[in-house]
Amino acid sequence: MKKSRPGVERLKARYGLMFVAPFIFGLSVFFVFPLFQSIRFMFSDLEFIPGSTKITWTGLKNIKYVLLEDPNFTKNLLKGLSTFLYSFPLIMVISLIMALILAQNFKGRIIFRGISFMTVIIASGVVIEFLLYYQGADVTGAGVEASIMEEMINVDSILKVLGLPAEISKYFQAVLNSIMTVIWNSGIQTLLFISGLQSIPDQMYEVTKVEGATKWEEFWFVTFPMLSKILVLVSVFTAVDLFTSKTDRVVSNAYNMMQSQNYNESTAMLWIYFLAVGAVVAIIFVPFNKYCLKRWE
């Protein structure tokens with residue numbers, strides 16, 4: 001009997017597997033194996049002997065040290081989470097507003113889109129490093145932009161006139177100090193939102209015009225729901241970008257410890273940080289998925 005030739009779907013599956021095989025190999029070797037190795041390091045002590053490495057199981061020793069004995073980890077962790085809580089909504093709102101403006105049909109919009117993307121190019125190069133560390137700026141990025149905003153706007157004096165509590169002034173001052181950094185970090189998000197806006201069918205807006213909807217109703221009942229998938233993508237990208245930033249003290253301290261071959265405490269620090277970040281992201285996305293995405297489908 002003649003052997004039957006493979007069908008089209010089987011050939012597509014075979015060719016697809018061939019194309020993704022390098023990615024699967026790289027993921028297994030360079031991600032999955034180091035991931036489990038880091039979990040092992042978190043519960044062990046490492047001793048580097050010439051020609052080999054001695055790994056001794058210590059249980060929760062490294063975790064207890066990071067949480068209870070390290071004087072800086074808890075403070076840096078809370079500071080990183082608080083920075084995320086005001087940077088994340090600012091980046092999302094600013095990038096969405098910029099995308100709505102740049103998606104309009106006006107002369108020179110390509111030039112303005114290029115200018116908006118220049119922030120991404122500059123922020124990833126030497127220029128932003130010079131700005132952040134100018135005049136003795138520290139690794140938190142609170143350098144030149146903080147001093148400029150403090151000179152432009154004195155939040156304390158404004159809130160004293162309004163009679164508001166002093167604790168609120170600290171929050172607004174932190175927001176103003178980071179506004180320039182937030183603008184620098186909104187370039188890629190703006191492009192993603194523009195791509196999402198361009199994928200919305202024009203017929204949807206024609207229907208709203210026929211029904212007599214206002215621009216405000218058009219945004220909340222057409223534009224915003226149609227951007228649901230892009231919102232998830234931009235939110236995940238922004239969260240990862242903020243939590244893995246070089247200006248985050250937890251990440252920078254852990255990397256410095258790794259450079260000094262202190263892998264056990266640094267991996268414990270990063271895993272605790274990862275779990276805290278995962279909890280924050282879950283708090284954000286679970287309600288969004290339940291009350292927004294499922295209603296818009």
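Residues numbered from 1 in each chain as written. Predicted model: local features only at pLDDT ≥ 70, side-chain atom pairs only at ≥ 80, totals over all residues. Heavy atoms only, no water.

Caption draft 1: Focus on the pattern of salt bridges. All chains considered together, the criterion is met by two salt bridges. Residue K61 pairs with D45 through a salt bridge whose shortest N-O separation is 3.1 Å. Of the two residues, K61 sits in helix α2 (residues 61–69) while D45 sits in strand β1 (residues 44–49), which places them 16 residues apart along the sequence. We classify D45 as partly exposed; its relative accessible area is 22%. (Salt bridge = Lys/Arg side-chain N within 4 Å of Asp/Glu carboxyl O. Helix = DSSP H or I, 4+ residues; strand = E, 2+ residues; numbered from the N terminus. Buried < 20%, exposed > 50% of the residue type's maximum accessible area, 1.4 Å probe, protein only.)

Caption draft 2: View of the confidence of the model for the protein. Here the protein averages 77 in pLDDT, while 75% of its residues score no lower than 70. Contacts for the low-pLDDT stretch residues 135–146, under 50 throughout, to residues beyond four places or in other chains number 25 contacts. (pLDDT = per-residue confidence, 0-100. Contact = heavy atoms within 4.5 Å.)

Caption draft 3: Focus on the environment of S95. Mapped onto the elements of the fold, S95 is located in helix α3 (residues 73–102). For S95, a relative accessible area of 0% puts it in the buried group. In the structure, S95 is positioned 93 residues away from I188 in sequence and 8.4 Å away in space, judged by C-alpha atoms. The contacts of S95, once residues within four sequence positions are left out, are S186, Q189, T190 and F193.

Caption draft 4: Examining helix α14 (residues 249–259) more closely. When α14 is considered as a whole, its buried residues turn out to be V250, V251, S252, A254 and M257. Of the residues flanking the start of α14, the one acting as N-cap is D248, its side-chain oxygen 3.0 Å from the backbone nitrogen of V250. Of the residues flanking the end of α14, it is Q261, one or two places downstream, whose phi is positive at about 65°. (Polar contact = N/O pair within 3.5 Å; in protein donor to acceptor, adjacent residues only side chain to side chain.)

Caption draft 5: The arrangement of the environment of T247 in detail. Positionally, T247 belongs in the loop between α13 (228–243) and α14. T247 sits in the partly exposed class, given a relative accessible area of 31%. Taking the C-alpha atoms as reference, T247 lies 9.3 Å from G80; in sequence the two are 167 residues apart.

Caption draft 6: Summary view of a nonpolar patch on the surface. A cluster of nonpolar residues, Y15, L17, M18, F19, V20, F23, I24, L27, F31, V32 and F36, forms a patch on the protein surface that exposes about 1200 Å² of accessible area. Relative to the helices and strands, L27 is located in helix α1 (residues 8–42). (Patch = residues over 30% accessible without salt bridge, like charges linked within 9 Å, V, L, I, M, F, W, Y side chains within 5 Å. Areas by Shrake-Rupley, 256 points an atom, 1.4 Å probe, with all protein chains shown as cover.)

Caption draft 7: Fine view of α13. The terminal C-alpha atoms of α13 lie 23 Å apart, and with 16 residues this matches the ideal 22 Å at 1.5 Å per residue to within 8%. Three or more residues of α13 are buried, namely S228, I230, L231, V234, S235, T238, A239, L242 and F243. (Expected span 1.5 Å × (residues − 1).)

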